[in-house]
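An overview of the molecular structure
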Amino acid sequence: MSVLSGPRAQHGPCPSAVLLLLLLGPSSVLAISFHLPVNSRKCLREEIHKDLLVTGAYEITDQSGGAGGLRTHLKITDSAGHILYSKEDATKGKFAFTTEDYDMFEVCFESKGTGRIPDQLVILDMKHGVEAKNYEEIAKVEKLKPLEVELRRLEDLSESIVNDFAYMKKREEEMRDTNESTNTRVLYFSIFSMFCLIGLATWQVFYLRRFFKAKKLIE
């Protein structure tokens, strides 16, 4: 997930952490906190796969003591501008939605108030994929044993990894088709340009020949 405004922490991932992220595929957890100045807007973006459950919890700490009529709005939208979740005067809560397609989703916090007010502390915890499912509730509803719950979680994780690899294969095929189409167009354009140059050179030869004959420089 990328932060559109405000500071961003950078860490150097170790090889084991990178391997874990690759294995998790489309399932991930995001926990982030940042300060939101008054009358400002901060957004975070993340690409999420199709048909994935996304859950999140947020908490906004107001350090102004109610001064200045400080209000914070939360809005979650997709790339088409469709509102998936919206909360006016947000302070603390949870949200959940299921993605309909692979898309870029945007989570925006906007603060409005008057006067000199301390920055608000925003804490956001988002999960999607396998990590978003509540396996404790699933175990209660389906009366599963702990081992069965763990097997269910591993099954869902394996399915998400397979889907992720299938998506990467599809993207690779699309990129290959695009490259082949581009190469074909470049080839045809090169051949067309070559014939144009040959035709232009031939015309210049005949034109100069007629010109020199008209000037009686050659017979």
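The name an unreviewed UniProt entry gives the protein chain is Transmembrane p24 trafficking protein 10, with Suricata suricatta as the organism. Its UniProt record gives the protein chain the following Sequence similarities (unreviewed entry) comment, quoted word for word: "Belongs to the EMP24/GP25L family."

Here the focus is a nonpolar patch on the surface. There is a patch of nonpolar side chains on the surface, built from Leu200, Trp203, Tyr207, Leu208, Phe211, Phe212, Leu217 and Ile218 and spanning about 770 Å² of accessible area. Position of Tyr207 among the secondary structure elements: in helix H3 (residues 146-214).

For H3, which comprises 69 residues, the first-to-last C-alpha distance of 101 Å matches the rise-based estimate of 102 Å (1.5 Å per residue) to within 8%. For H3, the set of buried residues is Val149, Asp156, Leu157, Ser160 and Asp164. Of the residues one or two after H3, Lys216 is the one with positive phi, at around 55 degrees.

Turning to the packing of helix H2 (residues 135-142) against H3, a few remarks are in order. Contact geometry for H2 and H3: axes closest at 10 Å, N-to-C directions at 125 degrees. Put simply, H2 runs oblique to H3. For the pair H2 and H3, the sense of crossing is right-handed. Along the contact surface, H2 presents Tyr135, Ile138, Ala139 and Glu142, while H3 presents Val149, Arg152, Arg153 and Asp156.

With that settled, the discussion passes to the state of the cysteines. Across all of its chains, the model carries 1 disulfide by this definition. Across a sulfur-sulfur distance of 2.0 Å, Cys43 and Cys108 are joined as a disulfide pair. Negative torsions about the S-S bond denote left-handed disulfides, and the value of about 110 degrees found for Cys43 with Cys108 makes this one right-handed. You can see Cys43 sitting in strand E3 (residues 41-48) and its partner Cys108 sitting in strand E8 (residues 103-112), a full 65 residues away along the chain. Given the relative accessible area of 4%, Cys43 is considered buried.

About the cut-offs
Residues numbered from 1 in each chain as written. Predicted model: local features only at pLDDT ≥ 70, side-chain atom pairs only at ≥ 80, totals over all residues. Heavy atoms only, no water. UniProt positions renumbered as here; feature names shortened; annotations may be inferred. Patch = residues over 30% accessible without salt bridge, like charges linked within 9 Å, V, L, I, M, F, W, Y side chains within 5 Å. Areas by Shrake-Rupley, 256 points an atom, 1.4 Å probe, with all protein chains shown as cover. Salt bridge = Lys/Arg side-chain N within 4 Å of Asp/Glu carboxyl O. Helix = DSSP H or I, 4+ residues; strand = E, 2+ residues; numbered from the N terminus. Expected span 1.5 Å × (residues − 1). Buried < 20%, exposed > 50% of the residue type's maximum accessible area, 1.4 Å probe, protein only. Axes fitted to C-alpha atoms, helices over the stretch in contact; angles between N-to-C directions. Parallel < 35°, antiparallel > 145°, perpendicular 65-115°, else oblique. Left-handed = near helix turned anticlockwise from the far one by under 90°. Contact = heavy atoms within 4.5 Å. Disulfide = S-S within 2.5 Å.

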